[in-house]
Amino acid sequence: MKKVYAREEYCTGCGLCQVHCITAHSPYKDNIVKAYKKTFPRPLPRVIVEEQRPVSFALQCRHCEDAPCVKACITGAMQRDPATGVVNNDESRCVGCWTCILVCPHGAVARDERGKKAASKCDMCSGIHEVPACVAGCPNGALEYRGEREKEA
Amino acid sequence: MALLKSYLTPDFLIERNKDRCIQCRVCVQQCANEVHYYDDEDGEVYSDEMKCVNCQRCVTLCPTRALVIRSSPNELRKNANWTPEVIRSIYIQAETGGVLLTGMGNDRPYPVYWDHMLLNASQVTNPSIDPLREPMECKTFLGRKPASLVFENGRLKEKIPPQLELDIPVMFSAMSFGSISLNAIKSLARAARQEGTYFNTGEGGLHKELYPYGENCIVQVASGRFGVHSEYLEAGSAVEIKIGQGAKPGIGGHLPGEKVGKEISETRMIPEGTDALSPAPHHDIYSIEDLRQLIFSLKEATGYQKPVGVKIAAVHNVAAIASGIARAGADYIAIDGYRGGTGAAPLRIRDNVGIPVEFALAAVDTRLRNEGIRNEVSLVVAGSIRSSSDVVKAVALGADAVYIASAALLALGCHMCQKCYTGKCNWGIATQDPHLTKRLNPDLGAQRAANLLRGWKHEIQEMLGGMGINALESLRGNRLMLRGIGLTEKELEILGIKAAGE
Ligand code: SF4
Ligand code: SF4
């Protein structure tokens, strides 16, 4: 399956991936200002920029084949879409037990405690955009959306 | 001693539209000058305008277009003599006692002679050519051409000296690893390969990762001799001896020790952390004969397989100098005009030394023709070639090709803030800071630089077609294709062109 790969050598740590992620997961998908100023609570970014200069990279869910979060989920909220391979959290079923956070080896799931407690994670913008918003919004080509075997450009 | 209070005021005003700013802090993350900062207590981003150099990185990356940077509205009393720049310079020198430094090319309002020349187009007779339907040759060759073609048994008798083959008469000018980042050079190297032209190492040596691009590379030998060794000379397609540079004729180069990290130290063959000083003169060249010795040493070293060129700054007497260089055996001469860019130059030198490259080119071409040796050497001009029409005018004036550097850097993202010498280029170009060099992804850089060349090539073909000329080579030195506008008799005479209407 296609995944998002970080090219840390070109990540400038600007954080625009997070801005575009938040916008994509808000009710105002094409309007950053409204997404930020009119959405309460504002969605958490599902991509995390780690930075210790000069190293920086954007990290998001790896959609593991043998996803530990899916196995560990006590309510079945965390599911892998058999068609696309995307691991997604059905927030309506999520009870906020945070087991997924405990077992995720990548630290790619976050606690969203602002509305209904739910785990927040990358959904590859399934059903939102064709290309994940973080990839489309990266100004420096530091995020790549490609199949595992496709070589880096 | 008491500390001096600075009398300087901000050059720029930063306007942040509060209705649009979403406090995402992208600007904070991106400004290497630490202008923007986030205040935790207020939960807001503020700016310290004093440090802003107007590189527009923050403006470009702000996702909501919340930022505008303008010249500061604060004005001193109007004075045509004591302009704000002059006054500022005095404040700076009164505070520092130092030489004023600057980056990029001369920005004084001297006339740009390219803009005082107009191109001809055919009408009715000798009809124009449609480049979309008919082949339009943009290829050119740099190097000595035989005086006449003598055939023997149907074969060319004289052996043609080594030539550089260019698919477009535009090359990337010398910019050293040190003055610009490795990613910037990689971008240019790949673009040069893609578009069939050359990039130039400058006096910084050739980084090991760039050896695969040697075929598209001109290696430079400057006074510091940095990074010059036999494989280096072998790696390039031509060797260029750098005598002068348009931005600072008569001045040497200086890469401060802080920038000489591991990679640069290896490439330049100097110890890490030491200043890379290239003296103003070559200490083995004091005459044309000395230059000839170096030219032939380099030819010998490369088995007479590669053209050897000489780069000089456009200065008074450039025609006589060029004649000497041609006679010394150079295969091409690069003439760099006073608008040429640089990573760092003393401001007063950059702005006041040299002559316009248009005059230099015309004078050199005329002199070499009069002396009957124009065929022995190719001419490359540099120093603020801004567009394809500048290229076409240069060729009509007598150039074989042009070098571009500022235009190439602009293609990579440079915003001409003129602060290259600080090493904090926010666009990842004129810097070695690993946090900043990452900002130029060579995949994207190569694409941008190649796009620029391709765009220019299309336009050159259009212009040639409009003149009814189907090959660039037929335009070379064809000054009848040019007419001067707003020029004095003397200027027209030097340029060797007629006035518009004549
Ligand atoms: S980048 Fe733009 S939106 Fe983000 S904090 Fe800066 S000014 Fe505000
Ligand atoms: S220096 Fe450049 S990035 Fe920093 S505030 Fe000024 S324009 Fe923006």
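Residues numbered from 1 in each chain as written. Chains lettered and ligands numbered in written order. Predicted model: local features only at pLDDT ≥ 70, side-chain atom pairs only at ≥ 80, totals over all residues. Heavy atoms only, no water.

## What to know about the pairing of strand E21 (residues 401-404) of chain B
Residues and elements named next belong to chain B.
Working step 1: Side chains of E21 alternate between two faces, with Ala401 and Tyr403 and Val402 and Ile404 buried alike.
Working step 2: Here two bridges tie strand E20 (residues 378-382) to E21, and the two strands are oriented parallel to one another. Among the inter-strand pairings, Val380 is bridged to a residue of E21, identified as Ala401.
Working step 3: Taking the sense of rotation as the criterion, the β-α-β connection linking E20, helix H11 (residues 388-397) and E21 turns out right-handed. (Buried < 20%, exposed > 50% of the residue type's maximum accessible area, 1.4 Å probe, protein only. Helix = DSSP H or I, 4+ residues; strand = E, 2+ residues; numbered from the N terminus. Pairing = 2+ DSSP bridges. Right-handed = clockwise from strand over helix to strand, strands pointing away.)

## Overview of the sheet that holds strand E13 (residues 217-221) of chain B
All names here are of chain B.
Working step 1: Pairing in this open sheet of eight strands is parallel, and the strands run E11-E21-E20-E18-E17-E14-E13-E12 from one edge to the other. Each edge of the open sheet carries a strand with a single partner, namely strand E11 (170-172) and strand E12 (199-200).
Working step 2: Along the sheet, helix H14 (residues 442-467) contacts E11 and E21; its crossing angle with E11, the most-contacted strand, is approximately 165°. (Contact = heavy atoms within 4.5 Å. Axes fitted to C-alpha atoms, helices over the stretch in contact; angles between N-to-C directions.)

## As for the packing of helix H7 (residues 288-301) of chain B against helix H8 (residues 318-327) of chain B
Between two packed helices, what matters for the description is the angle formed by their axes and the separation of those axes.
Residues and elements named next belong to chain B.
Working step 1: Orientation of H7 relative to H8, taken along the N-to-C sense of each, is 40°, at an axis distance of 9 Å. One way to sum up the angle between H7 and H8 is to call them oblique. The hand of the H7/H8 crossing is right-handed. Counted together, Ile288, Leu291 and Arg292 of H7 and Ile321, Gly324, Ile325 and Arg327 of H8 form the full contact between these two elements.
Working step 2: A breakdown of the residues in the contact of H7 with H8 according to their chemical character gives four nonpolar, one polar and two charged. (Parallel < 35°, antiparallel > 145°, perpendicular 65-115°, else oblique. Left-handed = near helix turned anticlockwise from the far one by under 90°. Nonpolar A, V, L, I, M, F, W, Y, C, P; charged D, E, K, R; others polar.)

## Quick word on H8 of chain B
Residue and element names in this part refer to chain B.
Working step 1: Buried residues dominate H8, accounting for seven of its 10 residues.
Working step 2: Regarding H8, the residues found buried are Val318, Ala319, Ala322, Ser323, Gly324, Ile325 and Ala326.
Working step 3: Downstream of H8 by a residue or two, Gly329 has a phi angle that is positive, lying close to 105°.

## Considering the site of ligand 1
Working step 1: Surveying the vicinity of ligand 1 reveals 13 residues, the closest of which are Arg16, Cys21, Cys24, Cys27 and Cys62 of chain B.
Working step 2: Residues belonging to the shell around ligand 1 are distributed by class as follows: nine nonpolar, two polar and two charged. (Near = heavy atom within 4 Å.)

## Some thoughts on the interface of chain A and chain B
Working step 1: On the chain B side, the residues contacting the 24 residues of chain A number 23 residues.
Working step 2: Together, the buried faces of chain A and chain B total about 1,800 Å²; carbon and sulfur atoms form 57% of this surface.
Working step 3: Summed over the three residues of chain A that lose the most area to chain B, namely Tyr10, Thr12 and Pro54 of chain A, the buried surface amounts to 25% of that side.
Working step 4: Across the chain A-chain B interface, the total number found is one salt bridge.
Working step 5: A salt bridge links Asp443 of chain B to Arg7 of chain A; the nearest nitrogen and oxygen atoms lie 3.0 Å apart.
Working step 6: Taken together, chain A and chain B are joined by 13 residue pairs in polar contact (both at pLDDT 80 or more).
Working step 7: Take the side of chain A that touches chain B: its biggest share by element is four residues, from helix H2 (residues 32-37) of chain A.
Working step 8: Within the side of chain A that touches chain B, the residues separate by chemical class into 12 nonpolar, six polar and six charged. (Buried area = accessible area lost by both parts, 1.4 Å probe. Salt bridge = Lys/Arg side-chain N within 4 Å of Asp/Glu carboxyl O. Polar contact = N/O pair within 3.5 Å; in protein donor to acceptor, adjacent residues only side chain to side chain.)

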